[in-house]
Amino acid sequence: MVRIDRIRQLMLAAGCFLLSWHLLRIGDINFTAADLLFFLCFVIFVARRNLNMMALNSMTAHWCAALAMMLGGLLIGSVFNGDPLRWANIASQYLFGFLLLPMVLMSEDRMWIRKCLLYFVLGVAASQIVALTMANFFSFEQSKEMLGPSVVAGNGRIGGLVSDANLNGAIIAFSIVALFNAHHHGLIRNFFALCVGGVLFWALLSTASFTAFASTGIATCIYFTMSNLGRFLKVGVPVMAFVIAYIILGGPLPEAFSERVLGALTTGDMSQAGTFTHRSQLIAEAWEMSKDTLFIGLGVDRFRVVSIHGMPVHQFWMLLLTEGGLISFTGLVLMFGVLGMMGLRAIQSHREDGAMVLAILAILFIFSTSIPHMYNRLWITPLMLALATTFARTTQVYFLHEEQPEVDEFDNVFEVDGTPTALALKGQTP
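About the cut-offs
Residues numbered from 1 in each chain as written. Predicted model: local features only at pLDDT ≥ 70, side-chain atom pairs only at ≥ 80, totals over all residues. Heavy atoms only, no water. Helix = DSSP H or I, 4+ residues; strand = E, 2+ residues; numbered from the N terminus. Buried < 20%, exposed > 50% of the residue type's maximum accessible area, 1.4 Å probe, protein only. Contact = heavy atoms within 4.5 Å. Phe/Tyr/Trp six-rings, centres within 6.5 Å; stacked < 30°, edge-to-face > 60°. 1 Å grid on protein atoms, 1.4 Å probe; cavity = no way out; pocket = protein on both sides within 12 Å on 5 of 7 lines; lining within 4 Å. Points joined across faces, edges and corners; volume = space filled by probe spheres on them. Nonpolar A, V, L, I, M, F, W, Y, C, P; charged D, E, K, R; others polar.

S.K.: Explain the side chain of Q128 to me, please; I cannot follow it from the model alone.
M.R.: Relative to the helices and strands, Q128 resides in helix α5 (residues 110-137). The exposure class assigned to Q128 is buried, which follows from its relative accessible area of 0%. Discounting residues that sit within four places of it in the chain, Q128 has contacts with I158, G160, N168, I172, V199, L200 and A203.

So this is what it looks like as structure tokens:
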């Protein structure tokens, strides 16, 4: 391997590890250390003329058209009612995460992407260890002075190095599904997987995010039922039964989780789930407002200006319908449709990886109904990493005495003196 390619792979791995370390940025600019590493990988791919422009294979044109519709509707609204410069900032963020990053990831070797997905999980776990340490051994004032006010919020919720409790909950949900997949492929040993999983689960509870907790449970069911139903019945159901029993019987839980989530879980009353009532009022306001914004939206970030609550609606679909009109809304529908099609294609190629894609996509969809904009790379990168485990390039030959991927990713087994010696990845020769 050429040295520059090895450097690029190491930068990609470091970028995945630091993806959830959103605190590593300059001031309030939404450009992190991970973003810088991803961009450098992009530059190297371009310089060496091996950037994969067809990131989503035959669905790339549909993906670009859907993204153009989503951003185009916001542009029209911003030109007529808002600030075009603000649109340019938001559009650049979306283009970086939804177009440039997929090209980078799909240009990398598929087996290295698998390892990068594990590095992402380990980076999230490391972030949670820092946050849990601050929550349990330091006061809020001490934590605020050292790492800022959002790593551990004043009400005890942990935002990790993501620095936001709800987004941190989503990242943990993504990483739990990715951990299942990494363990299946033998990239992490049983004991270490249990330790990492334990940290992630306790951190998930400590975020006190009902959406994160519910989406993790739903995604876990999707992953195991679509990848191996028998294993889900033997392992998944008993584990979930234990978790439910532990919560109902009053086992020790993070205080923030007990205050914000436990009531909704035990009573079924969604009004007890954090700020659900206030968010539902914003959604109702957006629905009424959308009657006047179907053709020309309010423009980027204009909802909070005209809202009686002075806040953006925490529902991505309604936010686009009001700020970007029907064009943006349709673009988002098509984008999720493309991702769903890619997930189904991944299932056909590799059942475990396809199940991971659909499980992570389910988490993304659930959170899209409870947050405003999703231009932060933390939302889309885990899903694109999952897709890349199936659709990224295959550029290397693996020998049987070395660590090797799944057999179904190879065309041929090459023999030397009648002994199977090398497996050639699809489209490659040794």
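There's more to say after this.
S.K.: Would you explain the environment of L118 in this entry?
M.R.: Checked against the element boundaries, L118 lands in helix α5. Given the relative accessible area of 9%, L118 is considered buried. Along the chain, L118 and S175 lie 57 residues apart, while their C-alpha atoms are 8.5 Å from each other. Apart from residues no more than four positions distant in its own chain, L118 is found in contact with A182, L187 and I188.

S.K.: Is there a simple way to explain the packing of aromatic side chains in this structure?
M.R.: Two measures describe an aromatic ring pair: the distance that separates the ring centres and the angle between the ring planes. Taken as a whole and assessed by the stated rule, the structure comprises 18 aromatic pairs. The interplanar angle of 85 degrees and the centroid separation of 5.9 Å between the aromatic rings of Y94 and Y375 together place this pair among those described as edge-to-face. In this pair, Y94 sits in helix α4 (residues 84-107) while Y375 sits in the loop between α16 (351-368) and α17 (377-391), placing the two residues 281 residues apart along the sequence. Residue Y94 is classed as buried on the basis of its relative accessible area, which comes to 0%. Grouped by ring-pair contacts, the aromatic residues W63, Y94, F98 and Y375 constitute a single cluster.

S.K.: Would you explain empty space enclosed by the protein in this entry?
M.R.: Over the atoms a probe the size of a water molecule is rolled, and this reveals where empty space is left. The tally for this structure, following the rule as stated, stands at three cavities of 30 Å³ or more. Approximately 80 Å³ is the volume found for the largest cavity. In terms of lining residues, the largest cavity is bounded by F98, F316, L332, M335, F336, L339, L364, M374, W379 and I380. When residues of the lining of the largest cavity are traced back to their parent elements, those giving at least two are α15 (325-349) and α17. If one sorts the elements of the lining of the largest cavity by residue count, α15 sits on top with four residues. Each pocket or cavity is described by its volume, and for the second largest cavity that value is around 50 Å³. What lines the second largest cavity is simply R114, L117, L118, A178, N181, A182, H185, L187 and T389. Contributions of two or more residues to the lining of the second largest cavity are made by α5 and α7 (165-184). Within the lining of the second largest cavity, the residues separate by chemical class into five nonpolar, three polar and one charged.

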